[in-house]
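The primary structure of each chain is shown beneath.
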Protein chains: 2
Amino acid sequence: MKRKKAPKKSARPVQNLELPTWQSKATLARLLSRIEARDLTLRKTLLPALAKASGNARTVGITGPPGVGKSTMIASLVGHLRKAGKTVAVLAVDPSSPFTGGALLGDRVRMQEYALDAGVFIRSSGTRGHTGGVALSTRECLMALDAAGFDVVLVESAGVGQTEWDIRKLVQTTVVLLGPESGDGIQLMKAGLMEIADVFVVNKADLPGSDRLLAELRAWVEGGAGGGHWIPPALPVQAQAGRGMEELWKALETHAKFLTESPTGRDRQRDARRLELLEILEERLAERLSILWKSAKARKVAADLTDRVIDPYAAADRLERLLPRT
Amino acid sequence: MKRKKAPKKSARPVQNLELPTWQSKATLARLLSRIEARDLTLRKTLLPALAKASGNARTVGITGPPGVGKSTMIASLVGHLRKAGKTVAVLAVDPSSPFTGGALLGDRVRMQEYALDAGVFIRSSGTRGHTGGVALSTRECLMALDAAGFDVVLVESAGVGQTEWDIRKLVQTTVVLLGPESGDGIQLMKAGLMEIADVFVVNKADLPGSDRLLAELRAWVEGGAGGGHWIPPALPVQAQAGRGMEELWKALETHAKFLTESPTGRDRQRDARRLELLEILEERLAERLSILWKSAKARKVAADLTDRVIDPYAAADRLERLLPRT
């Protein structure tokens, strides 16, 4: 039952293929909005072009428990990078309720001081209901910022649950920010924050408890040393006062070197590229399923399921046979 | 290029179709292990049979921030239900690191007192790397426990990130357990715990701060009242002392009645059934992708991608055309 005729697309105007640049914030913002809205017209034209133009930015994810001072540290790091003449984009993946779709934009407000700096671009991206969807649109936004020519792209995510794992897959380096109030090692392990760090940063390093946390982190990473693996450093900072940013950036540079120069680092970059491919495929399949789901035939199957004429597995069998090809 | 020949399956011995019963814990435990291992031989035979046999258990999800006393409250609720002559299964979906695959089994240990009670079955299920995978295997475990004839199935999940949303889709009623130390409403909203509750329970109700939290929760739910929606009650308990369990069970019974008797409740059950179908389909597609991913042709595409001969979107185009049919 394959359709042989090619769909009539020739009448449609050719997609505008202008690539975004960091100098044009409005164009860039519009593009990110289209990406987040999962605008499918981007797929055949602009996304492959962005993929080709990207790969030059230094991408860093910054995560940590709520309230630890991520936004403050990012503001501080942005300041340091600006002084060094680098352009910086910040993509804040906010924790948001899958129920309301809303996002708490406080972090964005705190970054307002950079609103007039042409070399800084800040974007707050509400996460959507589905984890996979978040990752994919964040990936494409990151790719767009990279292709736009920013020297550094920082991705801020809340260290709760799955999000930081999704982010880790998208960036070269993951910074986990903790504070003396973040709890002990057991709690951090439970929160899943220990294994994702390439660099640990302890904020509010002047407060009691931070030295003990630093010692605990260093003891923990030594347990995983060897085999050519990267050993995450643990650095003290005082984000509010801007202290420790130079050391942090140096640690990030060392990790960048590890990624390009060591076999383990190169393997990780290769795996990331393959994962990207897999996720693109997954989204395409999800789309096919979504098209099928809206069809009259699928509605009939769903009605039979609701009426308990068939069980969910029999219903799945029927729908699977109806699934459209590419 | 469709294969016309039916696959030769007749030589294989017919799958043992004995359904699990709550009386046979060892059989049940083995079945759950096979489900968690994603044993595909279950799919054609046992899963549809389980689907037909299930639908009689009262299923309740219990979530909340780490350390709030979920396991203690569950132990206490189990005690109350046992006294009322009900059989109970507890499925603990532990927070686990996607990196190590390990799970912290402390909760399970705390439930040991019920190990010798024939009417109680406790299972700790480590969550796997992928959120979707968790939900599906938990769904099937829940279905197996339901089909086995337990009167009540309690699902415990850590209230961090995505997991509790996954659980909410699987159970009839979701209990969110909080404590006076859980923080204020803003923090709870950030943690995404407010919208998923059908019943709020405040543990350690004898401690200062619990009255204020109860008042805050009640004010919050009233904001969402109207339109035939369920208004989540907020109940004080002292789980350690076993206080408040009768009131909690009554609230759960009221919610069960709402689900079967109100139009909104019935809609919710219908939507849950459709979502289940969609998730079964999603897993099947993921499997097809996984088969393709291991093929020699896919390895060639991945190699071209690694060598940057093609970009990820071109690679996805090529793989999409190679995707096997059912």
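Shown above is the structure to which this text applies.
Residues numbered from 1 in each chain as written. Chains lettered and ligands numbered in written order. Predicted model: local features only at pLDDT ≥ 70, side-chain atom pairs only at ≥ 80, totals over all residues. Heavy atoms only, no water.

Peer 1: Looking at this structure, how should I read the overall build of chain A?
Peer 2: Within chain A, the secondary structure is distributed over 12 helices and seven strands. Here chain A, with 326 residues, has 50% of them falling under the buried criterion. A separation threshold of at least 6 residues defines the contact pool for chain A, and within that pool the share at least 24 residues apart is 75%. Accessible surface computed for chain A: about 15500 Å², of which carbon and sulfur atoms make up 55%. (Helix = DSSP H or I, 4+ residues; strand = E, 2+ residues; numbered from the N terminus. Buried < 20%, exposed > 50% of the residue type's maximum accessible area, 1.4 Å probe, protein only. Contact = heavy atoms within 4.5 Å. Areas by Shrake-Rupley, 256 points an atom, 1.4 Å probe, with all protein chains shown as cover.)

Peer 1: What should I look at first to understand the pattern of salt bridges in this one?
Peer 2: Opposite charge on two side chains permits pairing when their charged atoms draw close. Tallied over the full model, the rule gives 37 salt bridges over all chains. The residue B:Lys204 makes a salt bridge to B:Glu181 at a minimum N-O spacing of 3.4 Å. Taken together, the residues span a long stretch of sequence, with B:Lys204 in the loop between strand S6 (199–202) and helix H8 (210–223) and B:Glu181 in the loop between strand S5 (173–178) and helix H7 (185–190) at a distance of 23 residues. Since its relative accessible area comes to 45%, B:Glu181 is described here as partly exposed. If you follow the salt bridges from partner to partner, you end up with A:Arg284, A:Arg288, B:Asp317 and B:Glu320 in one network. (Salt bridge = Lys/Arg side-chain N within 4 Å of Asp/Glu carboxyl O.)

Peer 1: Sorry if this is basic, but what is going on with helix H1 (residues 25–36) of chain A here?
Peer 2: Because each turn of an α-helix spans 3.6 residues, side chains separated by three or four positions end up pointing in the same direction. Between its terminal C-alpha atoms H1(A) stretches 16 Å, which fits the 16 Å expected from 12 residues at 1.5 Å a residue. Following H1(A) by one or two positions, A:Arg38 adopts a phi angle in the positive range, close to 55°. (Expected span 1.5 Å × (residues − 1).)

Peer 1: Looking at this structure, how should I read the nonpolar core?
Peer 2: The nonpolar side chains of a soluble globular protein tend to be buried, and buried together. Formed by 86 residues in total, the largest nonpolar core has its most connected members in A:Leu50, A:Leu145, A:Phe150, B:Leu50, B:Leu145 and B:Phe150. Look past the residues within four positions of B:Leu50 in its chain and what remains in contact with it is B:Leu19, B:Pro20, B:Leu31, B:Met143, B:Ala144 and B:Ala147. Counting 28 residues, the second largest nonpolar core, distinct from the first, contains A:Ile122, A:Val152, A:Val201 and A:Val237. (Core = buried A, V, L, I, M, F, W, Y, C linked by side-chain atoms within 4.5 Å.)

Peer 1: Help me understand the environment of B:Leu154, please; the structure alone is not making it clear to me.
Peer 2: Considering the arrangement of structural elements, one finds B:Leu154 in strand S4 (residues 152–158). If we skip the residues at most four places from it in the chain, B:Leu154 touches B:Val60, B:Ile62, B:Ile74, B:Leu77, B:Val78, B:Val88, B:Ala89, B:Val90 and B:Leu91.

Peer 1: Help me understand the packing of aromatic side chains, please; the structure alone is not making it clear to me.
Peer 2: For any pair of aromatic rings, geometry is given as the distance between the ring centres together with the angle between the planes. All names here are of chain A. Counted under the stated rule, the structure contains six aromatic pairs over all chains. Taking 6.5 Å as the distance between ring centres and 50° as the angle between the ring planes, the aromatic pair formed by Trp-22 and Phe-150 counts as tilted. Of this pair, Trp-22 sits in the segment before H1 while Phe-150 sits in the loop between helix H5 (131–147) and strand S4 (152–157), and the two are 128 residues apart along the sequence. Taking the relative accessible area as the measure of exposure, Trp-22 reaches 24% and is therefore partly exposed. Phe-150 sits in the buried class, given a relative accessible area of 2%. With centroids separated by 6.1 Å and ring planes inclined at 40°, the aromatic side chains of Phe-121 and Phe-150 adopt a geometry described as tilted. Pair noted here: Phe-121 is in strand S3 (residues 120–126) and Phe-150 is in the loop between H5 and S4, with a separation of 29 residues, a long-range link. For Phe-121, a relative accessible area of 5% puts it in the buried group. (Phe/Tyr/Trp six-rings, centres within 6.5 Å; stacked < 30°, edge-to-face > 60°.)

Peer 1: Just to check I follow, could you spell out helix H2 (residues 46–53) of chain A for this structure?
Peer 2: Residues A:Leu46, A:Leu47, A:Pro48, A:Leu50 and A:Ala51 constitute the buried set of H2(A). One or two residues past the end of H2(A) sits A:Gly55, with phi positive at roughly 110°.

Peer 1: Honestly, the side chain of B:Arg168 in this entry has me stumped. Any pointers?
Peer 2: All names here are of chain B. Considering the arrangement of structural elements, one finds Arg-168 in helix H6 (residues 163–168). For the buried Arg-168, no salt bridge exists, and the shortest N-O distance to an oppositely charged side chain is 4.1 Å, to Asp-198. Among the polar contacts listed, one links the side chain of Arg-168 to the backbone oxygen of Ile-196, at a separation of 3.1 Å. In contact with Arg-168, not counting residues within four places along its chain, are Thr-174, Glu-195, Ile-196, Asp-198 and Arg-268. (Lys, Arg positive; Asp, Glu negative; His and termini not counted. Polar contact = N/O pair within 3.5 Å; in protein donor to acceptor, adjacent residues only side chain to side chain.)

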